[in-house]
Amino acid sequence: MKEKELNKIKEYKYGFSTDIETIKAPKGLNEEVIKFISKTKKEPKWLLEWRLKAYKRLKILKEPNWQKPKYPKIDYQSLYYYSAPKSFTEKPKSIDDLDPKLLETYKKLGIPLQEQQRLNGIAVDAVFDSVSVATTFKDKLTEKGIIFCSISEAVQKHPNLVKKYLGSVIPITDHYFATLNSAVFTDGSFVYIPKGVRCPMELSTYFRINASQTGQFERTLIIADEGSYVSYLEGCTAPMRDENQLHAANVELIALDDAEIKYSTVQNWYPGDENGKGGIYNFVTKRGACRGKNSKISWTQVETGSAITWKYPSCILQGDNSVGEFYSIAITNNYQKADTGTKMIHLGKNTKSKIISKGISAGNADNTYRGLVDINSKAINARNYTQCDSLLIGNKCGAHTIPYIKNKNPNANIEHEATTSKISEEQLYYCNQRGLNQEEAVSLIVNGFCKEVLQQLPMEFAVEAQKLVGISLEGSVG
Amino acid sequence: MIDNLKSTFENFNKNITTKNTISKIRQDNFDKFLSSGFPNKKLEDWKFSDFKKIISQNFKNLKINLKDKKKFSFDNHIKEFTHNKIFFLNGFYNKHSFKYEDDKKIIFSNLKNGPAYEPKGNNSLNLLNNAFFTDGLLLYVKKGYKCKKPLVVYNIFEGNNKNNFFNQKLIVNIEENSELNILVYTINLNSNPIFLNTSNFFLLEKNSLLKLFYLNELSKKDLNYNFTETKILENANFENFILSYSSSFFKNEINCDLKEKYSSGFINGAIFAKKNQHHEIKTKVNHFGETTKSYQKIKSIVDKNSKTIFQGKIYVDQKAQKTNGYQLSKAILLDKESEFDSKPELEIYADDVKCSHGSTSGNLDENSIFYLMSRGLSEKQAKNILIKGFLSDAVETITNMEIRDYFLKKIEKNVNEYK
């Protein structure tokens with residue numbers, strides 16, 4: 001990477017904030033706020049009741065504390081649970097009606113919403129704080145019968161689908177943060193791919209937290225009907241602030257017979273400064289259900305941002321012959337902490353899962369892989385392969401692997417491997433000898449270390465992710 | 001259960017002849033135990049073994065009878081190799097013979113009057129052991145003495161008395177440049193089910209070597225929790241092997257602290273859980289010193305409604321550079337009701353380390369069975385050969401040849417008898 005380019009992006013380049021007028025719900029978490037959110041979004045009665053049921057449950061639940069990265073207690077009463085650009089009291093009809101400031105923001109982030117500027121044909125749903133601001137390429141998708149819109153819109157226009165699938169993978173009685181999300185979720189994306197349709201373009205959501213003291217609680221629901229295919233990308237950024245912000249999203253995927261969903265995430269929330277001040281708490285619940293026969297769900301994630309990343313994208317392999325995959329790179333630098341991994345729950349016959357996890361920690365960071373492979377007694381011929389590799393850069397960081405393996409089936413095959421090592425002197429010397437400086441050498445070696453996962457990303461993302469890997473480790477050597 | 005235990009403890013603490021200070025330690029530990037109760041699966045360490053449930057299913061009441069001290073005849077000695085002997089009968093020291101060693105170099109005492117040390121271990125079964133322990137072994141191997149023959153600690157339970165709860169301790173200190181091989185051989189000749197709760201502590205000083213072997217021949221309904229803590233100093237070497245095939249519940253928990261540089265720890269085991277058994281090996285190896293090494297290999301066979309568990313953790317401290325840690329657990333499940341759970345864990349804070357773990361579980365290889373059958377073996381014979389081979393792989397890590405052969409024989413016998 002050129003020196004100039006490096007300097008330009010050394011700082012967190014998405015750290016700006018947009019000065020835009022917002023409407024917020026009153027501070028705090030109570031029934032009134034939930035009613036306010038529901039009313040603002042003109043939601044049907046059943047959804048409000050659903051939210052209130054979740055809230056009731058939330059009051060009984062306790063925050064989990066078994067995770068490796070500890071964090072100061074979050075004061076849920078001092079957060080804003082709803083924040084939307086003011087111009088959104090009436091949702092703009094088309095992108096041309098959008099607040100120019102918003103367009104400018106997304107332009108800066110590299111996501112121009114005006115379609116004509118977009119040549120590579122990715123449909124984007126942009127979520128700004130609590131609401132979805134724009135969805136592109138709608139017409140083209142509608143032609144194929146694909147529904148791609150914000151979840152609030154889906155509640156209005158496709159209530160049957162939403163009612164049928166919302167909360168069917170992550171029930172409102174799940175753990176604390178999932179239940180919190182169920183009670184106060186504000187917006188997110190909704191995707192429905194009809195029978196036998198192969199989605200012609202990548203679908204993408206871009207999440208942006210802008211307002212301070214705001215938690216972002218979005219909810220994504222993707223349904224792939226029989227024989228369909230969709231590839232979905234998710235990107236995230238937030239401005240630099242010296243407070244910690246909470247991001248507790250829920251993502252539900254449902255794959256019916258012969259359907260395939262590919263879900264990729266490049267998460268680059270603000271990680272906090274080099275002393276560990278500020279940054280996003282990324283406590284996300286992602287779960288996919290392979291309901292149908294021969295269905296497949298594949299998670300790919302590149303986690304470089306956030307002060308604390310705490311998430312386990314999981315697959316419930318219910319259908320016979322279904323496949324679950326999880327590819328992950330988690331990079332932590334400075335005082336960042338990550339506790340991530342996956343759960344593969346094998347219920348159907350001949351189900352297969354594959355887990356490839358690469359953890360890299362530098363500076364004072366802590367990186368944990370935690371995963372579960374659970375083979376039920378009915379999952380005959382189930383197969384799992386897990387590989388977790390960790391790389392340590394510097395002697396103040398930590399790398400941990402905590403896999404849980406449960407096997408109740410004699411016909412199942414489970415393999416788990418994990419290694420931990422550092423970049424060897426020989427490798428560095430070899431690169432130095434060929435004219436690369438220390439940082440370039442580390443970036444090259446780390447990229448090679450992650451290659452298996454980077455290959456899984458759609459091409460446009462792969463290039464960005466590769467750069468991100470280099471940038472995230474800036475200043476960790478030498 | 002707990003209420004009964006309270007009255008058992010009151011009687012016990014009144015009748016056992018110990019010093020006041022120790023009776024206070026007992027009381028304190030029992031009070032602490034009461035506040036936590038038996039471990040259940042809400043605790044991370046007991047996630048796969050709900051001991052509270054297991055003990056309440058197996059026992060209505062735990063009883064200790066201190067008056068039980070009768071003569072006994074025991075002719076079940078290990079004949080395969082010559083060895084030094086110590087006998088414990090129903091939890092109490094009975095007799096010993098160190099005829100192969102220099103008396104002055106081995107200092108031996110029983111723990112009837114209470115040990116002169118602070119009780120260790122903090123899980124609730126350790127607390128229970130501290131409250132109820134009756135006897136045990138206190139052994140010093142003096143500086144520079146290498147024991148010539150292995151020591152077998154016979155831990156025998158017999159007679160149809162109503163005792164069903166035993167708590168013992170082994171405390172062994174291997175001083176500088178010394179060597180010792182111990183086989184702890186626990187055997188129940190009784191038909192009454194027992195709950196045996198043992199806590200063992202070993203200190204390995206500079207350049208010393210300890211080889212520790214556990215072998216259990218308890219009956220089908222017995223429960224055994226065996227806790228081992230070792231501290232290993234500079235250049236000392238600890239080797240441990242667990243052969244686990246008897247008793248209904250058998251949990252071995254081993255904490256191994258590699259305190260100083262060049263120390264090493266090897267923990268290996270073979271589990272053969274045949275019918276309605278619940279066997280667990282839990283290890284925690286802490287690398288605190290530089291250039292330390294650890295190696296673990298656990299192999300298990302699970303069949304007929306049995307469950308085996310391996311929970312292993314390698315912890316590498318920030319100072320412990322140049323650490324080498326390895327951990328492998330393999331399991332074969334033979335039928336649908338069997339279960340194998342494992343949690344191989346790495347927690348690493350130093351960068352110049354090589355740590356890896358592997359865990360696999362599956363079935364016997366069809367092709368291998370076919371190969372053996374095509375050479376004229378029956379299916380049963382073929383399977384037995386594969387099972388033996390699988391378990392022997394772990395046993396062959398034992399570096400004491402006599403004990404290795406003895407253990408291989410035990411496995412052979414067990415597999416052949418098994419239908």
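Keep in mind the model is a prediction, meaning the values are calculated, not measured. (Residues numbered from 1 in each chain as written. Chains lettered and ligands numbered in written order. Predicted model: local features only at pLDDT ≥ 70, side-chain atom pairs only at ≥ 80, totals over all residues. Heavy atoms only, no water.)

A word on the overall build of chain B
Phase 1: Secondary structure summary: chain B contains 7 helices and 19 strands in total.
Phase 2: Expected size for 419 residues packed as a compact globule is a radius of gyration near 22 Å; at 21 Å, chain B falls within 12% of this value.
Phase 3: Taking the principal axes of its C-alpha atoms as reference, chain B extends roughly 70 × 45 × 45 Å.
Phase 4: A total of 419 residues make up chain B; the buried ones form 61% of that total.
Phase 5: Within chain B, contacts between residues at least 6 apart in sequence are counted, and of these 83% link residues at least 24 apart. (Helix = DSSP H or I, 4+ residues; strand = E, 2+ residues; numbered from the N terminus. Rg over C-alpha atoms; globule rule 2.2 N^0.38 Å. Buried < 20%, exposed > 50% of the residue type's maximum accessible area, 1.4 Å probe, protein only. Contact = heavy atoms within 4.5 Å.)

Observations regarding the nonpolar core
All names here are of chain A.
Phase 1: Counting 52 residues, the largest nonpolar core has Tyr81, Leu180, Val184, Phe190, Leu246 and Phe283 as the members making the most contacts within it.
Phase 2: The element that contributes the greatest number of residues to this core is helix α3 (residues 45–60), accounting for 7 residues.
Phase 3: Membership of the second largest hydrophobic core comes to 49 residues, among which are Ile222, Cys315, Val373 and Ala399. (Core = buried A, V, L, I, M, F, W, Y, C linked by side-chain atoms within 4.5 Å.)

Considering unusual backbone geometry
With the exception of glycine, most residues fall at negative phi, and the peptide bonds are largely trans.
Residues and elements named next belong to chain A.
Phase 1: Here Asp258, not a glycine, exhibits a phi torsion of approximately 60°, which is positive.
Phase 2: Relative to the assigned elements, Asp258 resides in the loop between β11 (250–255) and β12 (260–267).
Phase 3: Its identity as a non-glycine residue notwithstanding, Asn350 has a phi of 55°, on the positive side.
Phase 4: Position of Asn350 relative to the elements: it lies in the loop between β19 (343–346) and β20 (352–362).

Details of the pairing of strand β4 (residues 135–141) of chain B
Residue and element names in this part refer to chain B.
Phase 1: Taken across its 7 residues, β4 has 5 buried, putting it largely inside the fold.
Phase 2: Relative to β4, strand β3 (residues 106–110) is paired through 5 bridges, and the arrangement is antiparallel. Each residue of the ladder has a partner; that of Phe108, found in β4, is Leu139.
Phase 3: Of the pairings in the sheet, the one linking β4 to strand β6 (residues 165–174) comprises 7 bridges and is parallel in character. Bridging from a neighbouring strand, Leu139 pairs with Val172 of β6. (Pairing = 2+ DSSP bridges.)

Considerations on the environment of Ile64 of chain B
All names here are of chain B.
Phase 1: In this fold, Ile64 is placed in the loop between α3 (51–58) and β1 (84–89).
Phase 2: A C-alpha to C-alpha distance of 9.6 Å links Ile64 and Thr134, two positions 70 residues apart in sequence.
Phase 3: With near-sequence residues (within four places) excluded, Ile64 lies in contact with Thr8, Phe12, Phe132, Asn163 and Phe165.

Details of the pattern of salt bridges
Phase 1: Scanning the entire structure with this criterion turns up 37 salt bridges over all chains.
Phase 2: Between Lys358 of chain A and Glu452 of chain A there is a salt bridge, with the nearest N and O atoms lying 3.2 Å from each other. Note that Lys358 of chain A is positioned in strand β20 and Glu452 of chain A in helix α10 (residues 438–454), a separation of 94 residues in sequence.
Phase 3: The residue Glu347 of chain B makes a salt bridge to Lys313 of chain B at a minimum N-O spacing of 2.9 Å. One end of the pair, Glu347 of chain B, is in strand β18 (residues 339–348); the other, Lys313 of chain B, is in strand β16 (residues 307–316), and 34 residues separate them in sequence.
Phase 4: With a relative accessible area of 9%, Glu347 of chain B lands in the buried category.
Phase 5: Exposure remark for Lys313 of chain B: the relative accessible area of 18% places this residue in the buried category. (Salt bridge = Lys/Arg side-chain N within 4 Å of Asp/Glu carboxyl O.)

Examining the packing of aromatic side chains
Phase 1: Applying the stated rule across the entire model yields 44 aromatic pairs over all chains.
Phase 2: Connected via pairs of aromatic rings, a cluster forms that spans Phe9, Phe12, Phe30, Phe33, Phe38, Trp46, Phe51, Phe132, Phe165, Phe195, Tyr225 and Phe249 of chain B.
Phase 3: In this structure, Arg198 of chain A is placed above the aromatic ring of Tyr229 of chain A, and the distance from its NZ or CZ to the ring centre is 4.0 Å.
Phase 4: The ring of Phe133 of chain B has Arg26 of chain B lying over it, and the distance from NZ or CZ to the ring centre is 4.5 Å. (Phe/Tyr/Trp six-rings, centres within 6.5 Å; stacked < 30°, edge-to-face > 60°. Lys NZ or Arg CZ within 6 Å of the ring centre and 35° of its normal.)

Some details on the interface of chain B and chain A
Phase 1: At the junction of the two partners, chain B supplies 35 residues and chain A supplies 33 residues.
Phase 2: Summed over both sides, the interface of chain B with chain A buries roughly 2700 Å², with 49% coming from carbon and sulfur.
Phase 3: Where chain B packs against chain A, one counts 1 salt bridge.
Phase 4: Here Glu347 of chain B makes a salt bridge to Lys68 of chain A, at a shortest N to O gap of 2.4 Å.
Phase 5: Where chain B packs against chain A, one counts 16 residue pairs in polar contact (both at pLDDT 80 or more).
Phase 6: Elements that contribute at least two residues to the side of chain B that touches chain A include exactly β18 and β19 (353–362) of chain B. (Buried area = accessible area lost by both parts, 1.4 Å probe. Polar contact = N/O pair within 3.5 Å; in protein donor to acceptor, adjacent residues only side chain to side chain.)

Observations regarding the environment of Glu234 of chain B
All names here are of chain B.
Phase 1: Of note, Glu234 is situated in the loop between β10 (223–232) and β11 (237–244).
Phase 2: Assessed through its relative accessible area of 23%, Glu234 is described here as partly exposed.
Phase 3: Measuring from C-alpha to C-alpha, the distance between Glu234 and Lys206 comes to 4.8 Å, with 28 residues separating the pair along the chain.
Phase 4: Once you skip the residues sitting within four places of it in the chain, Glu234 turns out to touch Lys206, Asn207, Glu260 and Lys261.

Digging into the packing of helix α5 (residues 366–374) of chain B against helix α6 (residues 379–395) of chain B
Residue and element names in this part refer to chain B.
Phase 1: Two elements in contact, α5 and α6, have axes separated by 9 Å at closest approach and are oriented at 125°. In terms of orientation, α5 and α6 fall into the oblique class. You can see that α5 and α6 cross each other, and the crossing is right-handed. Here α5 contributes Ser368, Ile369, Leu372 and Met373 to the contact with α6, which in turn contributes Glu379, Ala382, Lys383, Ile385 and Leu386. (Axes fitted to C-alpha atoms, helices over the stretch in contact; angles between N-to-C directions. Parallel < 35°, antiparallel > 145°, perpendicular 65-115°, else oblique. Left-handed = near helix turned anticlockwise from the far one by under 90°.)

Some points on α3 of chain A
All names here are of chain A.
Phase 1: Taking 1.5 Å of rise per residue, the 16 residues of α3 would be expected to cover 22 Å, and the 24 Å separating its terminal C-alpha atoms lies within 8% of that figure.
Phase 2: Those residues of α3 that fall on the buried side of the exposure criterion are Trp46, Leu47, Leu48, Trp50, Arg51, Ala54, Tyr55 and Leu58.
Phase 3: Those residues of α3 hidden inside the fold are in contact with α2 (31–40), α6 (151–157), α7 (159–165), α8 (176–184) and β8 (219–224). (Expected span 1.5 Å × (residues − 1).)

As for the packing of α3 of chain A against α8 of chain A
Residue and element names in this part refer to chain A.
Phase 1: At a minimum axis distance of 7 Å, the contact between α3 and α8 shows a crossing angle of 145°. When the axes of α3 and α8 are compared, the crossing they make is left-handed. Between α3 and α8, the residues in contact are Trp50, Arg51, Ala54, Tyr55, Arg57 and Leu58 and Tyr176, Thr179, Leu180, Ser182, Ala183 and Val184, respectively.
Phase 2: The residue inventory of the contact of α3 with α8, partitioned by class, reads 8 nonpolar, 2 polar and 2 charged. (Nonpolar A, V, L, I, M, F, W, Y, C, P; charged D, E, K, R; others polar.)

Quick look at the side chain of Thr179 of chain A
Residues and elements named next belong to chain A.
Phase 1: Relative to the helices and strands, Thr179 is located in helix α8.
Phase 2: Accessibility expressed as a relative area gives 0% for Thr179, which makes it buried.
Phase 3: If we skip the residues at most four places from it in the chain, Thr179 touches Ala54, Arg57, Leu58, Leu61, Ile172, Thr173 and Asp174.

What about a positive patch on the surface?
Phase 1: A surface patch of positive charge is lined by Lys220, Lys221, Lys275, Lys304 and Lys380 of chain B.
Phase 2: Note that Lys221 of chain B resides in the loop between β9 (209–217) and β10. (Patch = residues over 30% accessible without salt bridge, like charges linked within 9 Å, V, L, I, M, F, W, Y side chains within 5 Å. Areas by Shrake-Rupley, 256 points an atom, 1.4 Å probe, with all protein chains shown as cover. Lys, Arg positive; Asp, Glu negative; His and termini not counted. Charge placed at Lys NZ, Arg CZ, Asp CG, Glu CD.)

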